Amino acid sequence: MEDKVRYVARLARIKLTDGEVGLFSRQLDGILGYVDKLNRKLDIQGKAPPMSHPHEASNSFRADEVKPSLPPEKVLANAPQKKGDFFKVPRIIEE
Amino acid sequence: MDNLYSLTAGELLGLLDKKTIKPEEIIESVYSRAQSVDKKIKGYLNLDKEKALARAKSLPASGRLRGIPVAIKDNICVEGELTTCASKILRGFKPPYDATVIGKLKSEGAIIFGKTNMDEFAFGSSCENSSYFPTLNPWDTSRIPGGSSGGSAAVVSADEAVMAIGSDTGGSIRQPASLCGVVGMKPTYGRVSRYGLIAFASSLDQIGPFAKDIKDAALLLSVIAGFDEKDSTSVNVPVPDYLGCLKNDVKGMKIGIPKEYFVPGMDKEVEAAAREAIALLKGKGAQVVDVSLPHTEYAVAVYYILATAEASSNLARFDGVQFGYRCEDPANLLDMYERTRGEGFGAEAKRRIILGTYVLSSGYYDAYYLKAQKVRMLIKNDFEQVFKSGCDCILTPTSPTPAFKVGEKSADPLSMYLSDIFTISVNLAGVPALSMPCGFTKSGLPIGMQLIGNFFEEGKLFNAAYTYESNTDWHKRSPEL
């Protein structure tokens, strides 16, 4: 389980401490054991289609009109780091 | 006038109408109440009297909530006001826009009054997962107020707010309402716009009201409900006159009692209170029938797969780029993502993101995520069968136990998840439900009952709830603080 937790944490882009890996591994074992009742106890071959949403899903369109958007200074006001009208992040392409 | 803070919105609006009082007096009264009791309860993350008073000076000429202070859960965006989801990763975040519900409240003259504490990102049933501090139950401060909207429930219960707004993904309005002895409703999925609600699980989340009585809850829902083109999942169905549904009459109403919600080993006092409520409604002319929701036992498993899967995707946006927390001196982009999220999220948020990522990952998707989506359909079908058989509503306890002790379940996530067994199915199906006080334990803790309705039939719930409330006085009790 610990390997799985490390692998999934990497997918989710979360750095975990070794202590967290151990704790989450034990807890996820318990939770997965519980939710596995869906596979152990319930045979639903063909009985139900998957449901992703409470209402019949359909695309929701609106008219394609130009409307005012937020000014850059308001959008950037919460940025941890900015430069001019941009969000500043560490170098993305390694030299 | 003394003790304005203890009145309902309905009562205050009456006094405002007669010009007996001014909005500023309400703010002063509720604020000084909060000053004196919130040290014990800790329901508010932020409360600014001057801002509230400034709002009272620029109210619209008329409005259904004109002059009424409404507290807001901290996962709902209020322009220019700290909105953090009680998470370190959103520390300092001030939204550049209002959520749709906030816009509606403001245009009806409500005074946005403080942001309330919650489990981080609404992950929890006790308010202990707030990264700032836990909120405590006004009826017994050694106990939790429920969650995740524990702050909103507690401040209404303690008369530190006249009304409040919360969000409910698996019971996060109804369970704390039950544990704090107030009214709380999760409307039909799509009834209230989610625009500006920081998403947890988008197919389950719904914003709803907390209030001191049914009339206030109906009033608050009428203000916030309605189609919104900014939320493609909001549904374009006219909003009925909920206040017109408040009839003290349930003659001919058919109420279903699901056997799966009354099981051996459940808390005796909770069961007794729910059964007495059923008897009362029967005595008032309701027809009570036994019904079955056969897939109830799978609801918690389905929920913790689907809700965490959706959360793992929704919380990807917290990456240290555009807002909130960013780790110190990242070596590169990946390091920035991983450390920002590792340091910024609390334990339960990390646990849920890991679980949600796992059930969506290659090799496990079919066994967990797809299977859960199929069982979700069976759970929805259960409710549709009951309503097709002619039931107007379903009555159950809201929570299997009264408020538990601080720390009692915090070390064991699974036992915490199981405290939501009576509320989760409703979100999976998408139907509306409310919780209201229906008694007290011998030790003085509130007990709540849940009324569940068919899609967009909140009005019937208000009708049954109003009848019950008109014939009981549980809602008039207040905690001693």
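Preceding this paragraph is the structure being described.
1. Observations concerning the overall build of chain B
No. 1: Scanning chain B from N- to C-terminus turns up 15 helices and eleven strands.
No. 2: For 481 residues, the compact-globule estimate of 2.2 N^0.38 gives 23 Å, and the C-alpha radius of gyration of chain B, at 21 Å, lies within 12% of that figure.
No. 3: Its C-alpha atoms give chain B principal-axis dimensions of roughly 70 × 55 × 45 Å.
No. 4: Across the 481 residues of chain B, 68% fall into the buried class.
No. 5: Restricting the contact set of chain B to residue pairs at least 6 apart, pairs at least 24 apart contribute 75%.
No. 6: Approximately 15,400 Å² of chain B is accessible, and the part contributed by carbon and sulfur atoms is 49%.

2. Here we look at the interface of chain A and chain B
No. 1: Contact with chain A, which involves 52 residues of that partner, is made by 69 residues of chain B.
No. 2: Carbon and sulfur atoms make up 68% of the surface buried where chain A meets chain B, a total of about 5,500 Å² over both sides.
No. 3: Considering only the surface of chain A that becomes buried against chain B, L38, M51 and N78 of chain A emerge as the three largest contributors, covering 13% of it.
No. 4: Between the two partners, chain A and chain B, sit six salt bridges.
No. 5: Salt-bridge contacts for K67 of chain A lead to E229 of chain B; the nearest nitrogen and oxygen are separated by 3.1 Å.
No. 6: Where chain A touches chain B, the interface holds 22 residue pairs in polar contact (both at pLDDT 80 or more).
No. 7: Split by residue class, the side of chain A that touches chain B holds 29 nonpolar, nine polar and 14 charged.

3. A short note on the packing of aromatic side chains
All names here are of chain B.
No. 1: Across all of its chains, the model carries 19 aromatic pairs over all chains by this definition.
No. 2: Here the aromatic rings of F440 and W474 are separated by 6.1 Å at their centres, their planes lie at 50 degrees, and the arrangement is tilted. Of this pair, F440 sits in strand β10 (residues 433–440) while W474 sits in the segment after α15 (458–470), and the two are 34 residues apart along the sequence.
No. 3: Given a relative accessible area of 22%, W474 falls into the partly exposed group.
No. 4: Here the aromatic cluster, defined as three or more aromatic residues joined through ring pairs, consists of F93, F121, F123, F200, F318, F323 and F345.
No. 5: Geometry around F404 places K409 over its ring, the cationic atom sitting 4.5 Å from the centre.

4. Details of the sheet that holds β10 of chain B
Residue and element names in this part refer to chain B.
No. 1: Spatially, β1-β3-β2-β4-β6-β5-β10-β11-β9-β7-β8 is the arrangement adopted by the eleven strands of the open sheet, whose pairing is mixed. Each having just a single partner strand, β1 (44–46) and β8 (287–291) make up the two edges of the open sheet. Taking the axes of each pair of neighbouring strands and ignoring which way they run, one obtains an average angle of 35 degrees across the sheet.
No. 2: The sheet contact formed by strand β5 (residues 183–186) and β10 spans three bridges and is antiparallel. Looking at β10, one finds that G184 is bridged to S435.

5. Quick look at the pattern of salt bridges
No. 1: Counting across every chain of the model gives 27 salt bridges over all chains.
No. 2: Measuring nitrogen to oxygen at the nearest pair gives 2.9 Å for the salt bridge that ties R174 of chain B to D168 of chain B.
No. 3: Overall, R174 of chain B belongs to the buried group, its relative accessible area being 0%.
No. 4: Owing to a relative accessible area of 0%, D168 of chain B belongs among the buried residues under this scheme.
No. 5: Several salt bridges share partner residues, and in doing so they unite E2, R6 and D18 of chain A into one network.

6. Notes on the pairing of strand β11 (residues 446–453) of chain B
Residues and elements named next belong to chain B.
No. 1: The element β11 is largely enclosed, with a buried count of eight among its eight residues.
No. 2: The alternating pattern of β11 places P446, G448, Q450 and I452 on one face and I447, M449, L451 and G453 on the opposite face, and all of these are buried.
No. 3: Across five bridges, strand β9 (residues 393–397) lies against β11 in antiparallel orientation. Within β11, the position partnered with C393 by the bridge is G453.
No. 4: Relative to β11, β10 runs antiparallel, the two being bridged by seven bridges. Across the sheet, the residue bridging to P437 is G448, located in β11.

7. What about the state of the cysteines?
Here, disulfide denotes a covalent bond that connects the sulfur atoms of two cysteines.
No. 1: A complete count under the given rule lists zero disulfides over all chains for this structure.
No. 2: Not engaged in a disulfide, the cysteine C77 of chain B finds its nearest cysteine sulfur in C85 of chain B; these two sulfurs lie 7.7 Å apart.

8. A short note on the packing of helix α11 (residues 347–360) of chain B against helix α12 (residues 365–388) of chain B
Helix-helix packing is characterised by the crossing angle of the two axes and by the distance between the axes.
All names here are of chain B.
No. 1: Running from N to C, α11 and α12 cross one another at 105 degrees; their axes reach a closest spacing of 7 Å. In terms of orientation, α11 lies roughly perpendicular with respect to α12. Between α11 and α12, the residues in contact are Y358, V359 and L360 and Y365, Y368 and Y369, respectively.
No. 2: A breakdown of the residues in the contact of α11 with α12 according to their chemical character gives six nonpolar, no polar and no charged.

9. Things to note about helix α4 (residues 100–107) of chain B
All names here are of chain B.
No. 1: Along α4, the residues classified as buried are T100, V101, I102 and L105.
No. 2: Those residues of α4 hidden inside the fold are in contact with β2 (69–73), β3 (111–116), β4 (163–168), β6 (206–211) and α7 (214–224).
No. 3: Two residues or fewer past α4, G109 is found with a positive phi of approximately 90 degrees.

10. Looking at the nonpolar core
Residue and element names in this part refer to chain B.
No. 1: Membership of the largest hydrophobic core comes to 178 residues, with the highest contact counts inside it found for I68, L105, F121, I224, F383 and F462.
No. 2: No other element matches helix α9 (residues 299–314), which puts eleven residues into this core.
No. 3: The residues touching F383, leaving out its near neighbours within four places in the chain, are Y261, L293, I394, S425, V426, A429, V431 and I452.
No. 4: Of all hydrophobic cores here, the second largest spans five residues; its members include I144, L179, A403 and F404.

11. Details of the side chain of R376 of chain B
No. 1: Within the secondary structure, R376 of chain B sits in helix α12.
No. 2: Of the side chains with opposite charge, E310 of chain B comes closest to the buried, unpaired R376 of chain B, at an N-O distance of 4.5 Å.
No. 3: Among the polar contacts listed, one links the side chain of R376 of chain B to the side chain of S203 of chain B, at a separation of 2.9 Å.
No. 4: Aside from chain neighbours lying at most four places away, what touches R376 of chain B is M51, S52, H53 and P54 of chain A together with S203, L204, V302, L306, N427 and L428 of chain B.

Criteria and thresholds
Residues numbered from 1 in each chain as written. Chains lettered and ligands numbered in written order. Predicted model: local features only at pLDDT ≥ 70, side-chain atom pairs only at ≥ 80, totals over all residues. Heavy atoms only, no water. Helix = DSSP H or I, 4+ residues; strand = E, 2+ residues; numbered from the N terminus. Rg over C-alpha atoms; globule rule 2.2 N^0.38 Å. Buried < 20%, exposed > 50% of the residue type's maximum accessible area, 1.4 Å probe, protein only. Contact = heavy atoms within 4.5 Å. Areas by Shrake-Rupley, 256 points an atom, 1.4 Å probe, with all protein chains shown as cover. Buried area = accessible area lost by both parts, 1.4 Å probe. Salt bridge = Lys/Arg side-chain N within 4 Å of Asp/Glu carboxyl O. Polar contact = N/O pair within 3.5 Å; in protein donor to acceptor, adjacent residues only side chain to side chain. Nonpolar A, V, L, I, M, F, W, Y, C, P; charged D, E, K, R; others polar. Phe/Tyr/Trp six-rings, centres within 6.5 Å; stacked < 30°, edge-to-face > 60°. Lys NZ or Arg CZ within 6 Å of the ring centre and 35° of its normal. Pairing = 2+ DSSP bridges. Axes fitted to C-alpha atoms, helices over the stretch in contact; angles between N-to-C directions. Disulfide = S-S within 2.5 Å. Parallel < 35°, antiparallel > 145°, perpendicular 65-115°, else oblique. Core = buried A, V, L, I, M, F, W, Y, C linked by side-chain atoms within 4.5 Å. Lys, Arg positive; Asp, Glu negative; His and termini not counted.

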